[in-house]
Amino acid sequence: MSLLRLSKGIKQTVSSKAASDYLSSLRFSRLIHSLGFATVKAEEISGSKPAEVQNLVQGKWIKPANWNTIVDPLNGESFIKVSEVDESGIQPFVESLSKCPKHGMHNPFKSPERYLMYGDISAKAGHMLAQPEVSDFFAKLIQRVAPKSYQQAVGEVYVTGKFLENFSGDQVRFLARSFGVPGNHLGQQSHGFRWPYGPVAIITPFNFPLEIPLLQLMGALYMGNKPVLKVDSKVCIVMEQMLRLLHDCGMPLDDVDFINSDGKTMNKLLLEGKPRMTLFTGSSKVANKLADDLNGRIKLEDAGFDWKILGPDVHEVDYVSWVCDQDAYACSGQKCSAQSMLFMHENWSKTSLLTQLTDLAARRKLEDLTIGPVLTFTTEAMLDHMKKLLEIPGSKLLFGGEELENHTIPSIYGAIKPTAVFVPIQQILKPQNYDLVTKEIFGPFQIITEYKDNQLHLVLDVLEKMHAHLTAAVVSNDPLFIQDVIGKTVNGTTYAGLRARTTGAPQNHWFGPAGDPRGAGIGTPEAIKLVWSCHREVIYDVGPVPQKWQIPPST
């Protein structure tokens, strides 16, 4: 070939690639402004215009004949139809999992370009979620299925977008960073690698329809796994739309399977599909059943009966009161990190704290969804729980304890005003009361108690007996007090200092429980590596064999 022809060929190749990149950028630009991925409009979903949710398996969107009708949590209308797979329809999902080898879709020795591909996908998807039109779409979609204030919903979208930005470019391959150690002789070295599990499963709850499933899904994909994703059917429409966005950002259609089903069907899929690791976020009861069924091949972020201690040093009462209200009642208390129990030093009792908590709770209105439907407890169940607590000697209702007024929330859900019940700390520790007082009510409900200087040991005794160790807060700027409490507690995500809170799972720090070898984290490189990969050691021993080596005696 002449130099001239070679030069022209190179120019044509470069021009062709540049043109392709340019057209791709134009398509991406149009996508941003047209919401081209979306198959629904959040504002239009209603009983008269119900939305539909499909399943995804082996690269194809499918609609089995079984439809589960989801009722609007605000008015009871049938407003979403979810196409659900029954037990007879799981075989395509089983086959899809079986096609993924146990060494995964990629690993440090296989298809490493996929690490770069997911860095690019994350960059595009993060950029998409940063667009006001896209962010608003997902925030309003979240509000339709898991009613919370717009600020809470858009905050969920923001954290999700920042997570994607964090793992753009080379950051995905940095998750698979290896290390080497010199051996015992020339030619020997040991290398540690992060290795995928291969076929995996992800099961996530209703309360964060975008953030929890997306962060765990991407972590699984980054490390080289092939996931099947199941999101609570009440809110699965959010992740269905997010998957369509990811496909438009370059994610291969067959990299993720998405199933809608009841719990029994999903349990059968797990038993027959045999994923090598399952991530479950939800109730402790289901978590423990799955741990047994799956022979321990599971990571859990289960229930969180989360506590906050107000230390003896009183500062910034207005601010601390506001944070306590947010921790207990934002998202109607339906956060796994919500403040379930507040330990108040007697010094705080002498301030306006309780008065302010009462006033702040009273500001919450159904109209702006700062209080709203409770999707896992009925009104009757929550009020019955309150009545049982009020039978404990010395207990009293501080505020709330009533059904919301003038609402149309269906009876299958809960609708109560933000509620707080005071229980004396000595009563909490009594065996006949402890399980009742520390029962997690996944709604706008908290226990408040008081302790004196010489009763910190009672507070620590209460905490030692708890089974869930997700989030906690130590509100104090006394370093010795903080040191004492943190040194004698377990919770995996603990905030300390004047501005400490229990809620908040941003993308910049670990969020997850501690004290349980099955515990899962979310959001950070450490969490992704812990949950979605295992350690593999490769020992190179290439020689040379020493000169004049002879076979030694048997040992």
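Residues numbered from 1 in each chain as written. Predicted model: local features only at pLDDT ≥ 70, side-chain atom pairs only at ≥ 80, totals over all residues. Heavy atoms only, no water.

*Asks:* Just give me the short version of the pairing of strand β17 (residues 445-451), but keep the residues and values in it.
*Replies:* Counted residue by residue, β17 has six buried out of seven residues, so it is predominantly covered. Here strand β16 (residues 419-422) runs beside β17; their pairing, made up of four bridges, is parallel. Bridge pairing links Thr419 to Phe445 in β17. (Buried < 20%, exposed > 50% of the residue type's maximum accessible area, 1.4 Å probe, protein only. Helix = DSSP H or I, 4+ residues; strand = E, 2+ residues; numbered from the N terminus. Pairing = 2+ DSSP bridges.)

*Asks:* So, the side chain of Glu156: which residues are in play, and what are the values?
*Replies:* Relative to the helices and strands, Glu156 is located in helix α5 (residues 150-166). Among the polar contacts made by the side chain of Glu156, one reaches the side chain of Lys148 at a distance of 3.1 Å. The contact partners of Glu156, leaving out residues within four places of it in the chain, are Ile142, Lys148, Asn207, Phe208, Pro209, Leu210 and Glu211. (Polar contact = N/O pair within 3.5 Å; in protein donor to acceptor, adjacent residues only side chain to side chain. Contact = heavy atoms within 4.5 Å.)

*Asks:* With reference to specific residues and values, describe the sheet that holds β17.
*Replies:* In sheet architecture, strand pairing relies on hydrogen bonds along the backbone and comes in two forms, parallel and antiparallel. Pairing is mixed in the open sheet, where seven strands are placed in the order β15-β16-β17-β14-β13-β18-β19. Of all the strands in the sheet, the pair left with one neighbour each is β15 (396-399) and β19 (493-496). Averaged over all pairs of adjacent strands, the angle between strand axes in this sheet comes to 20°, irrespective of strand direction. The strands touched by helix α17 (residues 456-464) within the sheet are β13 (306-310), β14 (339-345) and β17, with β14 carrying the most contacts at an inclination of about 165°. Here helix α18 (residues 479-487) sits on the sheet in contact with β13, β17, β18 (471-475) and β19, set at roughly 160° to β18. (Axes fitted to C-alpha atoms, helices over the stretch in contact; angles between N-to-C directions.)

*Asks:* How would you sum up the packing of helix α3 (residues 113-129) against helix α7 (residues 211-222)? Please name residues and give values.
*Replies:* At a minimum axis separation of 10 Å, α3 and α7 run at an interaxial angle of 155°. In terms of their interaxial angle, α3 and α7 are classed as roughly antiparallel. The segment α3 lies against α7, with Tyr115, Tyr118 and Ser122 engaging Met218, Leu221 and Tyr222. Tallied by class, the residues present in the contact of α3 with α7 amount to five nonpolar, one polar and no charged. (Parallel < 35°, antiparallel > 145°, perpendicular 65-115°, else oblique. Nonpolar A, V, L, I, M, F, W, Y, C, P; charged D, E, K, R; others polar.)

*Asks:* Describe a positive patch on the surface, naming the residues involved and giving the relevant values.
*Replies:* A cluster of like positive charges, contributed by Lys102, Lys274, Arg276 and Arg297, occupies part of the molecular surface. Following the sequence through the fold, Arg297 ends up in the loop between α10 (284-293) and β12 (298-301). A residue is classified by how much of its surface remains accessible, and Arg297, at 35% relative accessible area, is partly exposed. (Patch = residues over 30% accessible without salt bridge, like charges linked within 9 Å, V, L, I, M, F, W, Y side chains within 5 Å. Areas by Shrake-Rupley, 256 points an atom, 1.4 Å probe, with all protein chains shown as cover. Salt bridge = Lys/Arg side-chain N within 4 Å of Asp/Glu carboxyl O. Lys, Arg positive; Asp, Glu negative; His and termini not counted. Charge placed at Lys NZ, Arg CZ, Asp CG, Glu CD.)

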